[in-house]
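Below, each chain spelled out in residue letters.
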Amino acid sequence: MELIFEKSRPGRQATAIPVSDVPAPPLEELIDPALLRSDVDLPEVAEVDLIRHFTALSRRNFGVDMGFYPLGSCTMKYNPKLNEETARMTGFANLHPYAPESCAQGTLQLLYELKEALAEIFGMADFTLQPAAGAHGELTGVMMIKKHFEKRGEKRTRILIPDSAHGTNCASGALCGYSVTTVRSNAEGGVDLEHLRSLMAEDVAGLMLTNPNTLGLFERNITEVAAIVHGRGGLLYGDGANANAFLGKARPGDLGFDVIQLNLHKTFSTPHGCGGPGSGPVGVSREMVPFLPIPRVVKTGAGYRWDYTAPDTIGRVRAFYGNVGVMVKAFTYIRTLGAEGLRHVAETAVLNANYVKARLEPHFDLPYPRTCMHECVFSGRRQVKESNVHTSDMAKRLLDYGFHPPTIYFPLIVPEAIMIEPGETESIETLDAFCNTMIAIAREARDNPDVVRSAPLTTPVRRLDEVRAARDPDVVWKRPLTEIPA
Ligand SMILES: *Cc1c(COP(=O)(O)O)cnc(C)c1O
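These remarks concern the structure in this document.

Cut-offs applied
- Residues numbered from 1 in each chain as written.
- Predicted model: local features only at pLDDT ≥ 70, side-chain atom pairs only at ≥ 80, totals over all residues.
- Heavy atoms only, no water.
- Helix = DSSP H or I, 4+ residues; strand = E, 2+ residues; numbered from the N terminus.
- Rg over C-alpha atoms; globule rule 2.2 N^0.38 Å.
- Buried < 20%, exposed > 50% of the residue type's maximum accessible area, 1.4 Å probe, protein only.
- Contact = heavy atoms within 4.5 Å.
- Areas by Shrake-Rupley, 256 points an atom, 1.4 Å probe, with all protein chains shown as cover.
- Lys, Arg positive; Asp, Glu negative; His and termini not counted.
- Charge placed at Lys NZ, Arg CZ, Asp CG, Glu CD.
- Near = heavy atom within 4 Å.
- Polar contact = N/O pair within 3.5 Å; in protein donor to acceptor, adjacent residues only side chain to side chain.
- Pairing = 2+ DSSP bridges.
- Right-handed = clockwise from strand over helix to strand, strands pointing away.
- Expected span 1.5 Å × (residues − 1).
- 1 Å grid on protein atoms, 1.4 Å probe; cavity = no way out; pocket = protein on both sides within 12 Å on 5 of 7 lines; lining within 4 Å.
- Points joined across faces, edges and corners; volume = space filled by probe spheres on them.
- Nonpolar A, V, L, I, M, F, W, Y, C, P; charged D, E, K, R; others polar.
- Domains from an automatic or database assignment.
- Axes fitted to C-alpha atoms, helices over the stretch in contact; angles between N-to-C directions.

Focus: the overall build of the protein chain
Along the protein chain, the regular secondary structure elements total 18 helices and 12 strands. In terms of overall dimensions, the protein chain is globule-like: its C-alpha atoms have a radius of gyration of 26 Å, near the 23 Å expected for 486 residues. Based on the C-alpha atoms only, the size of the protein chain along its principal axes is roughly 75 × 70 × 45 Å. Taking all 486 residues of the protein chain together, 48% fall into the buried category. The long-range share in the protein chain, meaning contacts at least 24 apart out of those at least 6 apart in sequence, stands at 69%. Roughly 24000 Å² of accessible area belongs to the protein chain as shown, and the carbon and sulfur atoms make up 56% of that amount. Between the mean site of the 51 positive side-chain charges and the mean site of the 58 negative ones, the protein chain shows a separation of 3 Å.

Put into structure tokens, the structure is as follows:
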């Protein structure tokens, strides 16, 4: 495909703006000539060419609206278009962040009711909606934990994190100055209670636990885990990235969690591609409420307002109040589905994952053969051993058949991991088509391994050098057009 720079012809433009009759002084009179750029190489194209170029590019990409998207522990699969409508309502979308409270009552009410709904669904005393993503929510939560111990005059320097955890947990702990100690998983894929007991001491601030964990398994010993952590004065932090698996079925507050973060973009709609925008609300137990960030939205007799008066707050973690558009979508989603609908989300998400698990189990190794929650984690090690075909090869081969690959090589404790999360909205026909394709690829890996190893064969680009793309990104086109590879 031609680059837009190659389509450029001097003088072409995409808009027809009348010539200005306001005299324009030379730029040098307005801007320091040293700061003026003269070498800006921008493409000049007509409107139709511009639109065709980007439409063609978009058709070479893959998104949730194009087909099955089984990435595990990841973004929302079903994003009702209704939510996009509500988020775009001018009253929400055009509200100025500095609008006085009296002009923002509708939005403030929505934020208040959303946090109240989350508090009810998850059994927490209160929520902040400020953090901009899950990892940011974790950081906010651990900052509150730190403040809690400072307030009590306790010096705790370590935080415990299971070996199955998402890497952001360790980063959040470390950014708050804690040293991270890893807790082993047991043969069942849960927390090794003996190991936890041996590590939990008076210098440990707490445990950061994902439940269901990143293996898609519910932590059966959760009340005992909570008792061990609390027994030594620690706090239990919950990573709620997988909350869609238990909506309306279990409440972290009832299970003993003191602080949890949610990922609205994984549980309450909003696709979270390319890093944003997301939203990572943090819920706390009654004891932790004083440390919540400010401002907080409160309800008074006269309406809704911002409250900045909280002496023990950790302060502000985000400009204004986070990504409000995402919150409008989450609120719409919750109100559309209602309590029964949310329960149904969890039931169907779990049912779909177990269906996929049952169909693929004869063909791929399943390191933790238990009933799963909303996702199942296979290993490609059988295919490596039998025909030197790796998980990444099979993931690439899926592209040839029109499927987005699942999450691969995560969680780290599963070699050659293949982590599949179908979501709650896929039909049995789609699930079967995906499973049939996975089974066909397992057969190909045995009978025709070279094909799988050289996949993808039908995509606009073949195998990319992913390591170089991350380590040595070339984001600015510096070379003359004649050097563009054919
Ligand atoms: C996605 C995820 C995170 C990080 O969330 P972001 O919103 O991407 O920052 C943390 N923990 C788990 C288990 C996750 O799946």
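Once the structure has been displayed, the description carries forward.
Notes on the site of the ligand
Inspection of the region around the ligand gives 14 residues, with Ser73, Gly134, Asp239, His265 and Lys266 positioned closest. The separation between a nitrogen atom of the ligand and a polar side-chain atom of aspartate 239 is 2.6 Å. The contact in question runs from an oxygen atom of the ligand to an N or O atom on the side chain of lysine 266, over 2.8 Å. Taken together, the elements giving at least two residues each to the shell around the ligand come down to helix H7 (134-151) and helix H12 (264-267). Broken down by element, the residue count for the shell around the ligand peaks at three residues, all from H7.

Some details on the pairing of strand E5 (residues 235-240)
Extensive coverage of E5 is indicated by the burial of six of its six residues. Residues of E5 alternate between two faces, with Leu235, Tyr237 and Asp239 on one and Leu236, Gly238 and Gly240 on the opposite face, all of them buried. Sheet analysis places strand E4 (residues 204-210) next to E5, joined by five bridges and oriented parallel. Bridged to leucine 207 within E5 is leucine 236. Running through helix H10 (residues 222-231), the crossover from E4 to the neighbouring parallel element E5 is right-handed. Of the strand pairs in this sheet, E5 and strand E6 (residues 259-262) are connected by four bridges, and their pairing is parallel. By the bridge assignment for E6, glycine 238 is matched with isoleucine 260.

A word on H7
The end-to-end C-alpha distance of H7, which contains 18 residues, comes to 26 Å, matching closely the 26 Å that a straight helix rising 1.5 Å per residue would cover. Listed in full, the buried residues belonging to H7 are Gly134, Gly137, Glu138, Thr140, Gly141, Val142, Met144, Ile145, His148 and Phe149. Positive phi appears at glycine 153, one or two residues downstream of H7, with a value of about 70 degrees.

Digging into the environment of proline 415
Mapped onto the secondary structure, proline 415 falls in the loop between strand E11 (407-408) and strand E12 (417-420). Here the alpha-carbon distance between proline 415 and phenylalanine 378, two residues 37 residues apart in the chain, equals 9.2 Å. Look past the residues within four positions of proline 415 in its chain and what remains in contact with it is Ser379, Gly380 and Arg381.

Quick notes on the layout of surface pockets
By volume, the largest pocket is sized at about 1200 Å³. In terms of lining, the largest pocket is formed by 36 residues, of which the most central are Asn61, Phe62, Leu399, His404 and Pro405. Residue contributions to the lining of the largest pocket peak at four residues, all from helix H15 (residues 391-400). Here the residues of the lining of the largest pocket sort into 19 nonpolar, 12 polar and five charged. Two domains share the lining of the largest pocket, each providing at least three of its residues, namely domain 1 (81-337) and domain 2 (339-471).

Here's the deal with the sheet that holds strand E1 (residues 126-128)
Note: strands within a sheet are paired through backbone hydrogen bonds, in either parallel or antiparallel orientation. What the seven strands build is an open sheet, ordered E1-E7-E6-E5-E4-E2-E3; its pairing is mixed. Two strands close off the open sheet at either side, each with one partner strand: E1 and strand E3 (179-183). Across the sheet, the mean angle separating the axes of adjacent strands is 25 degrees when strand polarity is ignored. As paired elements, strand E2 (residues 158-162) and E4 share three bridges and run parallel to each other. Across the sheet, residue isoleucine 159 finds its bridge partner in E4, namely glycine 206.

With respect to the pairing of E2
Across a regular strand the side chains alternate sides, sitting on one face of the sheet and then on the other. With five of five residues buried, E2 is to be regarded as a mostly interior element. By the alternation rule, side chains of E2 split into Arg158, Leu160 and Pro162 and Ile159 and Ile161, which are all buried. Here E2 pairs with E3 via five bridges, running parallel. Note that in E3 the partner of arginine 158 across the bridge is serine 179. Between E2 and its parallel partner E3, the chain crosses via helix H8 (residues 167-175), and the hand of that crossover is right-handed.

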